[in-house]
Structure formats: C-alpha cells, structure tokens
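Coordinates in review
The chain contents come next:
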Amino acid sequence: MRTHTLFTRTAVLVAASLLGTAGCAGPESESGGDGAAAPRTVRPVAGCGAGSWTDPAELAPDRKAARCDKGAPAAQPLTKRRKITVATGTLSAEYVAPLQVAVAKGEFAKEGLDVELKVLPTPDALPLLAKGDVDAQWAAPEAAVMNGINGGFDIKWVAGNFSPDPTSKSGLWVRLKDGESADHVEMAGRKLGTMIGKGSVIAYPMDTSLKKHGGGLDKISFQQLGSADVLTALQNGGVDSAWLLDPIWRKVDGDTKYAFLGGQPVGEPLGGLLFGPTLLNKDPDAGVAFLRAYIRTVNTYFAGDYKSDPAFVAELAKLMKTDEATLRSTPSMRMDWEIRKGTTDRLQKAYADSGVSKGTPVPESKAVDRAMYSEAVGHKL
C-alpha cells in the first residue's frame, strides 16, 4: 500500500541518518558512554504535594492528571542562560499551546532559558535531535523514533502532552452502510483516509477501535490525505472511514449517516517531549529547568477547563492563529505531563501489527525517562 511504502522508506532514511551521525554526536556525557545519567538530588517542591505525581500504572479513564498549585513549581534560574531549540511539527495545534504560552508568558525565561520553537517535520527533526543540533522535539514515540532508539541513539520520551476530554469525538469515524449502526459495523476491507501513516502513535487507538468491529490495521487499506481533504473524501465516498481531528469531527457529529467508533484512550497521553543527548546527559540542569517551566505553565494556565475563560481563549486563538469560535467548538484538552506505564509497549505492538516495525521491541527503560519531571515536582522515584 502507498502509505506503508512511504512510511517504510521514511523510517529507513531516518534510521540511516541517525546511525550516520553516531560518530559526530558530541563527547560522551559526564555520566559515561551508556547514556545513564548520574544520580541527582531530589528535594521537596513547595506547591507540589501528593497530587503532583500519579502511579504510572494507573490507566483508568477518570484518572486525575497530576497537578501542583498555580505558579508551582517555582522557577530556579540557572546560573548561566541557555538557548534551547525545540522542533515541532506545527504551531497551530492546540496540544502545542502550553509551549507557546510558556514562551509568551516568560515562563522559560524565568528559568534562564531562551527557547525557540522551530517548525520541522518529525523525519527531518529526528536526526538533528540525535546529533544535538536541536535540543528537544515536541512529537511522539512514533515508529521512526523507536527505530532510531533501536539503532543506538539516546533519545527518550521525557514528558507527556495531553489526553482527550471524555466528550471529545476526535478519532475514527465511518460512513454507515445500509443496515449498519454504531454498534454493528464491519470494518474489514474498508478504506481509511488519514493524514497520519501507520507509523504514527494513532495506530494504537486506531487498531483498538478497528478490532472491536472485525477489522485491524492489517485488514483495511489506507489513503493518505491532506488535512483539508480527509473530511471531503469521507463525505463524497472517496474513503469509507476517516480519522478526524479536533474540530473537524464536529462537521459530521449528529449526522446519522456516520458513526464514531473510538479515539485516543482517555487518560493516556501518546506524545509530548523528546529529549536528545544534550538535555539528557550533557546539560540535565537545563532539561529539568525546561520541564519545570512547562509543568508550571500547565498548572497555571491549563489546570482545568481553560476554555471557560473567554480572555484566555482569545489569547490562545491569537497564539495559534485560529479563530475563537473554532477553538471553543471542542472541549478543553486534559494537559498532562506524565507518561503512563506500558504506552510504548502498546504502541510498538500496533506498529508491528501494521507491518511498519520489525525486530526486537525497545524496552520502556530505553525509551522513557520519568526522572526529570519527577525531579521538577519533588518526587523521588
């Protein structure tokens, strides 16, 4: 299939590029060549109590996201200012808003960080992250990332981004055939339109939803489409089903010709911050400072239903370069800096099922590092 071929080719090129930069990624960290950070002192943090950490194994949909008090954790300015470059695939998506607000409100600056958000596609940014030409990436542990880690690079997922509101219907939608209903849809053999290939983290919830209806990533065909074309293709019959993002799903919600089959798991972030060797090993103080500013921004501006504040919605719309009505048309996201236990295992199972990832799965210990956000809120692992 075209999507599979394109993704496989991209993943191979990324992995090759990563491996090619192994010899020029800079000196070994002070903690040694195995990438293991030296033990760090973790102290209690004012305003970050028991609720600032949740058990990573807790996956209940009604799990309360970790929170500190507003304004916590307080800034601890570095003795010397650092410039941090963060790659992101977009600046217009709502899940990127905490970074934009942190820049606009000076939260990074309070820590002694000059942060630049640079728009780069994931395949382009990954080699730069591994080499140290960018310091962090706002992305997800996609198949290409896991393949890169398998190739020997010290890239880790260090913080989550969000999980959807329970009322959100961002996810898998299908055009019903005669006699079908939302409770009885046969997905095997259908064509699915999506902006995202099989190597994306969305493969995991997509596979889960498909299997509930006689499908699976190996039983459907994919048609990769531009963001403006996915809904059109679903409506005009070009595809049978589609993965519709916020706020596009509003266009078909309530129309009896379509049914929502499921989306991202509630309470389980599937993306967020990736750090490379610079912030993981060479300058972990800056890495913790970055996460402290990010967490403080969530606690201060995104702790609950942030869209209930008209002034803040207007501010967000300006930062995201979108209109306020569009932003208000979907519920607030549950911004969440924590990473759930087993997420990377579930993602890799979906990648394997779809045929875009082969070989030994990357163990969570090599792909995930919770130590930095734990330190930022004063929790000892």
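Look above for the structure.
Residues numbered from 1 in each chain as written. Predicted model: local features only at pLDDT ≥ 70, side-chain atom pairs only at ≥ 80, totals over all residues. Heavy atoms only, no water.

**So, the state of the cysteines**
- This structure, assessed with the given rule, holds one disulfide.
- Two residues, C48 and C68, share a disulfide whose sulfurs are 2.1 Å apart. Between C48 and C68 the disulfide shows an S-S torsion of about 105°. By sign, it is right-handed. With C48 in the loop between α1 (2-20) and β1 (82-88) and C68 in the loop between α1 and β1, this pair connects stretches of sequence that are 20 residues apart. Considered together, C48 and C68 belong to a single accessibility category, that of buried residues. (Disulfide = S-S within 2.5 Å. Helix = DSSP H or I, 4+ residues; strand = E, 2+ residues; numbered from the N terminus. Buried < 20%, exposed > 50% of the residue type's maximum accessible area, 1.4 Å probe, protein only.)

**Things to note about the sheet that holds strand β11 (residues 272-275)**
- Pairing within the open sheet is mixed, and its five strands lie in the order β2-β1-β3-β11-β4. This sheet does not close on itself; its edge strands, each paired only once, are β2 (113-119) and β4 (156-160). Mean inter-strand twist for the sheet, computed between neighbouring axes without regard to direction, equals 30°.
- Packing of helix α4 (residues 122-131) onto the sheet brings it into contact with β1, β3 (136-139) and β11, and relative to β3 it is tilted by some 155°. (Pairing = 2+ DSSP bridges. Axes fitted to C-alpha atoms, helices over the stretch in contact; angles between N-to-C directions. Contact = heavy atoms within 4.5 Å.)

**Observations concerning the sheet that holds strand β9 (residues 241-244)**
- Strand order in this open sheet of five strands is β8-β7-β9-β6-β10, and the pairing throughout is mixed. Sheet topology places β8 (221-224) and β10 (258-263) at the edges, where each strand pairs with a single neighbour. Sheet twist, expressed as the average angle between the axes of neighbouring strands with direction ignored, equals 25°.
- The pairing of strand β6 (residues 171-175) with β10 spans five bridges and is antiparallel. Across the sheet, residue V174 finds its bridge partner in β10, namely A259.
- The strands touched by helix α6 (residues 203-211) are β6, β7 (191-194), β8, β9 and β10; relative to β10, the strand with the most contacts, the crossing angle is about 125°.

**Quick look at the pairing of β3**
- A two-sided burial pattern is seen for β3, the buried positions comprising A136 and W138 on one face and Q137 and A139 on the other.
- Here β1 runs beside β3; their pairing, made up of three bridges, is parallel. Within β3, the residue paired with V86 across the bridge is A136.

**Re the packing of α6 against helix α12 (residues 343-354)**
- Interhelical geometry of α6 versus α12 gives an angle of 65° and a closest axis separation of 8 Å. As summarised for this structure, α6 and α12 are arranged roughly perpendicular, according to the angle between their axes. Judged by the sense of rotation from one axis to the other, the crossing of α6 with α12 is left-handed. Between α6, through A203, Y204, D207 and K211, and α12, the contact on the second element is made entirely by R346, L347, K349, A350, Y351 and D353.
- For the contact of α6 with α12, the residue count by class is five nonpolar, no polar and five charged. (Parallel < 35°, antiparallel > 145°, perpendicular 65-115°, else oblique. Left-handed = near helix turned anticlockwise from the far one by under 90°. Nonpolar A, V, L, I, M, F, W, Y, C, P; charged D, E, K, R; others polar.)

**Quick look at helix α2 (residues 97-104)**
- Burial analysis of α2 places six of its eight residues in the buried class, which makes it a mostly covered element.
- Taken as a whole, α2 has its buried residues at A97, P98, L99, Q100, V101 and A102.
- Immediately beyond the C-terminal end of α2, within one or two residues, lies G106, with a positive phi of roughly 75°.

**Digging into helix α10 (residues 310-320)**
- Taken as a whole, α10 has its buried residues at F312, V313, L316, A317 and M320. Within α10, the buried residues cover an arc of 140° as seen down the axis, which keeps them to one side. Exposed side chains of α10 directed beyond 90 degrees from the buried face belong to A311 and K318.
- Packing partners of the buried residues in α10 comprise α2, α9 (284-301) and α11 (324-328).
- One side-chain oxygen of the residue at the start of α10 lies 3.1 Å from the amide nitrogen of A311, identifying that residue as D309.
- Following α10 by one or two positions, K321 has its phi on the positive side, about 60°. (Arc of directions from axis to C-beta. Polar contact = N/O pair within 3.5 Å; in protein donor to acceptor, adjacent residues only side chain to side chain.)

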